Amino acid sequence: MQKFSKNSKLIKKIPLRLLLVIPFVLQVFVVVGLVGYFSYVRGQKAVNNLANQLMDKTSQQLDGHLDNYLALPLQIAQMNLNAITTGNLNINDQTKNERYFWQQAQAFKNITYVGYTLNDGTELGAGRWIKGLDVLTYENLKGSGKASDFTTDAQGNRRERLQSYDYDPLSEPWYKQTVSMGKLIWNQIYVAQNSSIEVTQAGKAHNTNVDNSLEYYVAVSARAPFYDKNGNLLGTTGVDLLLTDISKFLHNLNVSHKGQVFIMERNGLLVGTSTTHPILYSVKDTAERYNARQSPNPIIRAVASGIQKRFGDFQNIQAVKNTQEVDIIYNGERYFVRVTPWQDERGLDWLMVVTIPESDFMAEINANTRTTILLCLAALGITVLLGICTASWITRPVLQLAQATEAISTGKVNQIIRESIIHEINLLSLSFNRMAQQLRSAFTALETTNQELEKTNAELETRVLERTKQLENTLHELKQAQAHLVQTEKMSALGQMVAGVAHEINNPVSFIYGNLVHVNNYTQDLFRLIRVYQDALPNPPDTVQEVIDEIELDFIQSDLNKTFNSMQTGAKRIKQIVLSLRNFSRLDEADFKEADIHEGIDSTLMILEYRLKAQTYRPEIQVIKQYAKLPLIKCYAGQLNQVFKNLLFNAIDALEETISENRDIIPTITISTYMIENIISICIIDNAKGIDESIKSKLFDPFFTTKAVGKGTGLGLSVSYQIVVEKHCGRLWCDSIPGKGSKFFIEIPTNL
Ligand SMILES: Nc1ncnc2c1ncn2[C@@H]1O[C@H](COP(=O)(O)OP(=O)(O)O)[C@@H](O)[C@H]1O
Ligand SMILES: [Mg+2]
């Protein structure tokens, strides 16, 4: 059990509150997290789809536009070719042809030039190539060696020559290429300059629909050779298409916010872009096209590089009308890139590139994600709050229960749990309250029983105490009675014997003592008679002399006096002792009558004289008497003598005992008497070792003794107490300083 509780102490306890909140929070966290994650993934997918769709659409639009846009020059070229070969266009009718071309150029705004070049170098055409001026006509006459530009009127008639210059078309690569190919083809894209020329008032009048911003322009020519009936080359016919308009179209496509479209050739040279960045840059007095990888637009640059990295070379991009998708990262942003080849059988082979930054779509997705995260956090917060509320809702009554249980275990049974709205806890509360009620009843019953028991116990105790006291008293009385009995017996036997002996001795001693005087007188008389005889008979007969010598009469005469004296002293002493004995026992005076206290003390001392004398092991015990003048008092004299004897005996015993331990003291007993008012006090003082505090209360108990068996009976003080207190209505007490000595006081009232 103990081991168990020790272990359970080591394991950290999980509070219920945490236990209730954490699963909730975890659940919500997981669910919300999953929802957030999936919505993000779905968003990504949607973005991809959307981007693809958009790029698809854009590519298709562009594809269609290019198809349309680039079809026109081919058709015009083909038409002109047909017109020449069928003879509808006579290459010798210059004026008619010039108007014909003028009309074509006028009709199609994107055509910068339309005309033919004959194999002798003669050229005729119309178009737009000078800044600020609308359709011009052009002729290059073989032989005159000069090419000239003319302004025209509203019908296409020449008005004035703008300029003349040297130009040999036959040496141009486009001419050679067209001739060598032998069919309608696209020539190289070229960059041409919009010449700026002082223009006359008349010329200006026709300047409409011309973009003044064009310094240089990019164009491409569709050309076809034509032959005579014998198949001999007569010349070429051509149409120049302005490519700059492609950029305008691209710009208007509006793919997405930051989405871009550009078209480049397989060599990377830009054909058009949707950006505002130019595709041309000037070199000396001409201009060149940017390679996409060097475009001033960083995104075009990055995309072109990305494509090249992906395919190695632009040439490697599948020459079918398949799209190629590349994703590139630029500036930490993802760009979807769609590369679609655009080709025609006349020799154009371009790449249409559509690129859309992910951010154009992601902004909303990100906003969505942010909203989702915020919602998640809010849901989480609410869950935690709800969890905490629920937990405290559940824990509070549980805690109350626990506290109430704890209180009950410490004895506070007055516990009531409030009802809870949680059913199970309410059940628990109800059964707890029932249990507490039962406990209370049990406690009350127990307490009543306890009180009754205590009462009974107390009664019993008092009774036992009373009984004990009674018994003690009885025992005390019994002991005293017994002691008294013993003493009385002893004393009566001993006293009677002593009194008898004393009485018996008294007469002969008195007789001897009384007659000793007479004997002395008689002896003196006899000596006087002898002296008379000697005087009368100075020489006695020998027989007499012999007897005188034998008995040493002189010595007898001198010694007999001494002998008488000592006999007299001895007899006197015997008489005194006998008197003391009689005095002491006072058997003859057992009644209550007047007596001399000092006489009693003195005769007691007389009897005890043999004990006061010096012994081999100690000096004589000094007795100092300090007697006051006392009247005779009525008392049981014999019994009081008994008391003196007992106290003196104890003092002598104590002194002897003390001296055996300490030889330095002079053993002394002081007996003093005095009278104050009507009370006579006798004080017996010794300078022995005193009485121990612990035994003081027992001194007067019968049979209490500290002396060896056979030496003390323990009756002396108890009997004395009885005699003084009960027989004489007096007091007997002891005062002792341990180590210094003891004092015993006897007080006897005189007015008994
Ligand atoms: N003067 C005293 N000095 C010291 N002890 C005393 C004196 N008187 C009495 N006692 C003590 O009191 C005891 C009881 O005395 P007592 O009743 O006379 O019986 P007992 O003399 O036979 O012992 C003694 O044993 C002794 O120890
Ligand atoms: Mg004694």
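These numbers were taken from a predicted model, which means no experiment stands behind them. The residue numbering used here restarts from 1 in each chain and proceeds along that chain's sequence as written. To label them, take the chains in the order written and letter them from A, then take the ligands in the order written and number them from 1. Residue-level local features of this predicted model are given only where pLDDT is at least 70; pairs of side-chain atoms are given and counted only at 80 or more, and the full residue set underlies all totals for whole chains, interfaces and linings. As a convention, hydrogens and water are excluded, and side-chain values are obtained from all of the structure's heavy atoms.

**Q** With reference to specific residues and values, describe the sheet that holds strand β22 (residues 731-737).
**A** A pair of strands is labelled paired if DSSP reports no fewer than 2 bridges between them. Numbering of helices and strands starts at the N terminus; helices are DSSP runs of H or I of at least 4 residues and strands are runs of E of at least 2. One open sheet holds the five strands; their spatial order is β18-β20-β21-β23-β22, and the pairing between them is mixed. Each of the sheet's edge strands pairs with one partner strand only, and the pair in question is β18 (622-626) and β22. Taking the axes of each pair of neighbouring strands and ignoring which way they run, one obtains an average angle of 15° across the sheet. Sheet analysis places strand β20 (residues 668-676) next to strand β21 (residues 679-686), joined by eight bridges and oriented antiparallel. Bridging across to β21, tyrosine 674 finds its partner in serine 681. Docked against the sheet, helix α12 (residues 597-607) engages β18, β20 and β21, running at close to 170° with respect to β20. Structural elements are reduced to axes, namely lines fitted to C-alpha atoms, with helices fitted over the stretch in contact, and the angle between N-to-C directions of any two is expressed from 0 to 180 degrees. The contact definition used throughout considers only heavy atoms, calling two residues in contact when any of these lie within 4.5 Å.

**Q** Explain the site of ligand 1 residue by residue, including any values.
**A** We call a residue near a given molecule or strand whenever any one of its heavy atoms falls within 4 Å of it. For ligand 1, the set of nearby residues contains 19 residues, the closest of which are Asp686, Thr705, Thr706, Lys707 and Thr713. With respect to ligand 1, the side chain of asparagine 650 contributes an N or O atom lying 2.8 Å from an oxygen atom. A 3.5 Å cut-off defines polar contacts: any pair of N or O atoms within that distance qualifies, except that in protein one atom must be a possible hydrogen donor and the other a possible acceptor, and neighbouring residues in sequence count only when both atoms are side-chain atoms. In the environment of ligand 1, an oxygen atom lies 2.6 Å from a nitrogen or oxygen atom belonging to the side chain of threonine 705. In isolation ligand 1 has 530 Å² of accessible area, and contact with the protein removes 93% of it. Of all the elements in the fold, those that place two or more residues in the shell around ligand 1 are α14 (637-661), α15 (716-728) and β23 (741-749). In terms of residues, the shell around ligand 1 owes the most to one element, α14, which gives three residues. Tallied by class, residues from the shell around ligand 1 come to eight nonpolar, nine polar and two charged. The protein chains shown are the only cover counted for residues, whose accessible areas, like all others here, come from Shrake-Rupley with a 1.4 Å probe. Note that Gly is not counted as nonpolar here; it falls among the polar residues with everything else outside the nonpolar set of Ala, Val, Leu, Ile, Met, Phe, Trp, Tyr, Cys and Pro and the charged set of Asp, Glu, Lys and Arg.

**Q** Provide a residue-level description of unusual backbone geometry, including the pertinent values.
**A** Backbone geometry at asparagine 331 places phi at a positive 55°, although glycine is not the residue there. Along the chain, the position of asparagine 331 falls in the loop between β14 (324-330) and β15 (333-343). The buried label applies to any residue whose accessible area, calculated with a 1.4 Å probe on protein chains only, is under 20% of its type's maximum; exposed applies above 50%, and partly exposed to all values in between. Classification of asparagine 331 as exposed rests on a relative accessible area of 68%. With a phi angle near 50°, glutamate 552 is a residue other than glycine that sits in the positive phi range. If you trace the backbone, glutamate 552 turns up in the loop between α10 (542-551) and α11 (553-585).

**Q** Which residues make up the sheet that holds strand β11 (residues 270-273), and what values do they have?
**A** Read from one edge of the open sheet, five strands run β11-β10-β16-β15-β14, paired in antiparallel fashion. Two strands lie at the open edges of the sheet, namely β11 and β14, each paired on one side alone. The sheet shows a mean angle of 25° between the axes of neighbouring strands, taken without regard to direction. Where strand β10 (residues 260-265) and β11 come together, three bridges link them in antiparallel fashion. For isoleucine 263, the partnering residue across the bridge sits in β11 and is glycine 272. Contacting β10, β11, β14, β15 and β16 (349-357), helix α7 (residues 298-311) crosses the sheet at an angle of about 125° to β14.

**Q** I'd like a description of the confidence of the model for the protein chain, backed by residues and values.
**A** Per-residue confidence from the predictor is reported as pLDDT, a score between 0 and 100. When pLDDT is averaged along the protein chain, the result is 84, and 92% of the positions lie at 70 or above. Throughout residues 1-6 the model reports pLDDT below 50, and contacts reaching past four residues in sequence, or to other chains, amount to zero contacts. In the model, residues 198-214 has pLDDT below 50 throughout and makes 26 contacts with residues more than four positions away in sequence or in other chains.

**Q** Could you give an account of a negative patch on the surface, naming the residues involved and the relevant values?
**A** What goes into a patch is any residue over 30% in relative accessible area without a salt bridge, connected to like charges within 9 Å or, for nonpolar side chains (Val, Leu, Ile, Met, Phe, Trp, Tyr), within 5 Å. Note on definitions: salt bridges are taken to be side-chain nitrogens of Lys or Arg within 4 Å of carboxyl oxygens of Asp or Glu. Charge assignment in this entry is limited to Lys and Arg as positive and Asp and Glu as negative, and neither His nor the chain termini are counted. To locate a charge, take atom NZ for lysine, CZ for arginine, CG for aspartate or CD for glutamate. Residues Asp542, Glu546, Asp549, Glu550, Glu552 and Asp554 make up a contiguous surface patch of negative charge. Of all the elements, α10 adds the most residues to the negative patch, at four residues. In this fold, glutamate 546 is placed in helix α10.

**Q** Now, about the environment of phenylalanine 150: what can you tell me, with residues and values included?
**A** Mapped onto the fold, phenylalanine 150 is located in strand β4 (residues 147-152). Sequence separation between phenylalanine 150 and leucine 348 is 198 residues, and the spatial gap between their C-alpha atoms is 32 Å. Once residues lying within four places of it in the same chain are set aside, the contact partners of phenylalanine 150 are Leu136, Thr137, Glu139, Arg158, Glu160, Arg161 and Leu162.

**Q** Help me get a handle on the domain arrangement of the protein chain, residues and values and all.
**A** Per the annotation, domain bounds derive from an automatic or database assignment of domains. According to the domain assignment, the protein chain contains domain 1 (49-68 + 246-363), domain 2 (89-242), domain 3 (426-577) and domain 4 (591-749). Its C-alpha centre places domain 1 at a distance of 154 Å from the equivalent point of domain 3.

**Q** Could you give an account of the environment of lysine 645, naming the residues involved and the relevant values?
**A** Residue placement: lysine 645 occurs in helix α14. Judged by relative accessible area, lysine 645 falls into the partly exposed class, the value being 21%. For the pair lysine 645 and glycine 600, spaced 45 residues apart in sequence, the C-alpha separation works out to 9.7 Å.

**Q** Can you lay out the packing of α12 against α14 for me, pointing to particular residues and giving the numbers?
**A** The contact between α12 and α14 brings their axes to 9 Å, and the two run at 50°. Comparing the axis directions of α12 and α14 gives the class oblique. As for how α12 packs across α14, the hand of that crossing is right-handed. From α12, Ile597, Gly600, Ile601, Ser603, Thr604 and Leu605 reach across to α14, where they touch Leu640, Asn641, Phe644, Lys645 and Leu648. Taken together, the residues of the contact of α12 with α14 break down into six nonpolar, four polar and one charged. Each angle is binned into one of four classes, with values under 35 degrees roughly parallel, values over 145 roughly antiparallel, values of 65 to 115 roughly perpendicular, and all other values oblique. Less than a right angle of anticlockwise turn of the near helix away from the far helix marks a crossing as left-handed, whereas a clockwise turn marks it as right-handed.

**Q** So what about the pattern of salt bridges? Which residues, and what values?
**A** Tallied over the entire structure, the rule returns 22 salt bridges. For arginine 266, the salt bridge goes to aspartate 349, with nearest N and O atoms at 3.2 Å. With a gap of 83 residues between them, arginine 266 in the loop between β10 and β11 and aspartate 349 in strand β16 connect regions that are remote in the sequence. On the basis of relative accessibility, which here comes to 6%, the residue arginine 266 falls in the buried class.

**Q** So, the pairing of strand β13 (residues 286-289): which residues are in play, and what are the values?
**A** Put simply, side chains in a regular strand alternate between the two faces of the sheet. Residues Ala287 and Arg289 of β13 are buried on one face, while the alternating residues Thr286 and Glu288, pointing to the opposite face, are not. Where strand β12 (residues 280-283) lies against β13, four bridges are found, and the strand directions are antiparallel. Paired with leucine 280 across the bridge in β13 is arginine 289. Hairpin connection from β12 to β13: two residues lie between these consecutive antiparallel strands, with lysine 284 at a positive phi of about 50°.

**Q** Tell me what's going on with the packing of aromatic side chains, and back it up with residues and numbers.
**A** By convention, a stacked pair of Phe, Tyr or Trp rings (six-membered ring in the case of Trp) has centres within 6.5 Å and planes under 30 degrees apart, an edge-to-face pair has planes over 60 apart, and any other such pair is tilted. Evaluation of the coordinates by the stated rule reveals 15 aromatic pairs. When the ring of tryptophan 129 is compared with that of tyrosine 138, the centres are 6.1 Å apart and the planes differ by 90°; the resulting orientation is edge-to-face. By relative accessible area, which is 5% here, tyrosine 138 ends up buried. Between tryptophan 342 and tryptophan 350, the aromatic rings sit 5.8 Å apart at their centres with planes inclined by 40°, giving tilted as the arrangement. Taken as a pair, tryptophan 342 and tryptophan 350 share a single burial class, namely buried. Through pairs of rings, three or more aromatic residues link up here, namely Tyr100, Phe101, Tyr116 and Phe226. Taking NZ or CZ as reference, arginine 223 lies 3.7 Å from the ring centre of tryptophan 174, over its face. Think of it as a cone above the ring: NZ of Lys or CZ of Arg counts as a charge over the ring if it is within 6 Å of the ring centre and within 35 degrees of the ring normal. Positioned above the aromatic ring of phenylalanine 649, the side-chain terminus of lysine 645 is 5.2 Å from the ring centre.

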